[in-house]
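Now for the letters of each chain:
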Amino acid sequence: MEINGKTRTCGLIGNPVEHTLSPLIHNTLAKRLGQELVYVPFHVEQGRLAEAVKGAQALNILGLNVTVPYKSEVIACLAQIDDLAKNIGAVNTLVRTADGYKGYNTDMEGLYRAMQSEGIRIAGEQIILLGAGGAARAVAWLCAAKGAEKVYLLNRTLDRAQTVAAEVNASVGRETIMPMKLADHAAIPEGKYLAIQGTSVGLSPNNEDVVIADDAFYEKVHTGFDLIYNPWETKFMRLVKAHGGRAYNGLKMLLYQGIIAYELWNEIAVPESEAQIVYESLRNAIS
Ligand code: ATR
């Protein structure tokens, strides 16, 4: 693509940003859709986030993604914030307005779209959510926002699960989230569940680690969704499959969080056929 006087800039702010796949997503989309846009990583030093966001506004940067460790801290730098992002307390996408940036959480909308693309429902479902850290906390909000019937929220540290459950339940006005200790998973009532793996256990290079190893647990899982995509197939996914369930990794979540950000910046809908092409590029990049 030729860079000229009309080229618009988007980018990623975080620390580190050196291993990001986001430039691949956005620059592939811009090229395929014939849009004059470039996407670049910006390594922002600790203590300089507010300065970076202010500078981006002054430089007419159209949009930014935000990654570790700034997803919560960036909220104080925004002119506006979307409701879901506000509830979650984490923002990964900024869209420029005349007065400053508006913040969104496309990680969670991305997870939702990834699930829809695989035919996985949240509304009315019985869900087991593993973890209560930053990622799992956001999934708990998503499940409640999209009408899950019940979410058993299992965490090694019970306190964290209880805090998330109290916040989400108070907001939706019913006891949707049931906090439990990970070790008590056998107390989950018999039935078939969608299980979402939101801990960091099993992430490369610890490919053989899994948050629950007990076979009896996997008998209760009809579908497993791991937020991890490296390795391609986690031990959690292998155990789900070994017990007859379907299992998915987190690469489509990464894909769709990027697609949704691109749509917000450009005020367009990205065709599904293009999303599939970007998905193949991501697969090639990580293999
Ligand atoms: P992230 O932002 O990726 O969610 P995080 O906030 O550090 O990262 O959360 C990590 C999650 O993985 C937590 O749910 C954590 O459980 P605790 O709250 O008990 O720490 C979970 N986790 C990490 N290592 C674990 C392990 N060895 N066994 C069980 N859970 C683990």
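Keep in mind it's a predicted model, so treat the numbers as computed, not measured.

Visitor: Go over the environment of K71, please, and point to the residues and values.
Guide: Position of K71 among the secondary structure elements: in the loop between β3 (63-66) and β4 (80-81). Taking the C-alpha atoms as reference points, K71 and A90, separated by 19 residues in sequence, lie 5.0 Å from one another. In contact with K71, other than residues within four places in its own chain, are V66, G89, A90, V91, N92 and D107. Within polar-contact distance, the side chain of K71 engages the side chain of D107 at 2.7 Å.

Visitor: Quick rundown of unusual backbone geometry? Include the residues and the values.
Guide: Generally, phi is negative for residues other than glycine and the peptide bonds are trans, each holding for most cases. Cis peptide bonds are those with omega within 30 degrees of zero, and the linkage from N15 to P16 qualifies with 10°. For P16, the location among the structural elements is in the loop between β1 (8-14) and α1 (22-33). With an omega of 5°, the peptide bond running from V68 to P69 counts as cis. Positive phi is not limited to glycine here, since N60 has a value of about 65°. Examined against the element boundaries, N60 turns out to sit in the loop between α2 (49-58) and β3. Here the phi dihedral of E267 falls at roughly 50°; this positive angle occurs in a residue that is not glycine.

Visitor: Give a description of the packing of aromatic side chains that names residues and reports values.
Guide: Aromatic ring pairs are described here by two measures, namely the spacing of the ring centres and the angle between the planes. The tally for this structure, following the rule as stated, stands at 5 aromatic pairs. When the ring of Y39 is compared with that of W265, the centres are 6.1 Å apart and the planes differ by 35°; the resulting orientation is tilted. Here W265 lies in helix α9 (residues 251-266) and Y39 lies in strand β2 (residues 37-43), a separation of 226 residues in the sequence. The exposure classification of Y39 matches that of W265, with both residues buried.

Visitor: I'd like a description of the sheet that holds strand β6 (residues 100-104), backed by residues and values.
Guide: Ordered in space as β2-β1-β3-β5-β6-β4, the 6 strands form an open sheet in which the pairing is mixed. Of all the strands in the sheet, just β2 and β4 have a single pairing partner and so form its edges. Note: β1 against β3, 4 bridges, orientation parallel. When the bridges of β3 are listed, I13 appears paired with V66. In this fold α1 packs onto β2 and β3, with an angle of close to 165° to the strand it touches most, β2.

Visitor: Before we move on, can you summarise the pattern of salt bridges with the specific residues and values?
Guide: Inspection of the entire model under this criterion finds 10 salt bridges. Residue R48 pairs with E51 through a salt bridge whose shortest N-O separation is 2.7 Å. Look at R48 and you get partly exposed, because its relative accessible area is 44%. Residue E51 is classed as partly exposed on the basis of its relative accessible area, which comes to 46%.

Calculation rules
Residues numbered from 1 in each chain as written. Predicted model: local features only at pLDDT ≥ 70, side-chain atom pairs only at ≥ 80, totals over all residues. Heavy atoms only, no water. Helix = DSSP H or I, 4+ residues; strand = E, 2+ residues; numbered from the N terminus. Contact = heavy atoms within 4.5 Å. Polar contact = N/O pair within 3.5 Å; in protein donor to acceptor, adjacent residues only side chain to side chain. Phe/Tyr/Trp six-rings, centres within 6.5 Å; stacked < 30°, edge-to-face > 60°. Buried < 20%, exposed > 50% of the residue type's maximum accessible area, 1.4 Å probe, protein only. Pairing = 2+ DSSP bridges. Axes fitted to C-alpha atoms, helices over the stretch in contact; angles between N-to-C directions. Salt bridge = Lys/Arg side-chain N within 4 Å of Asp/Glu carboxyl O.

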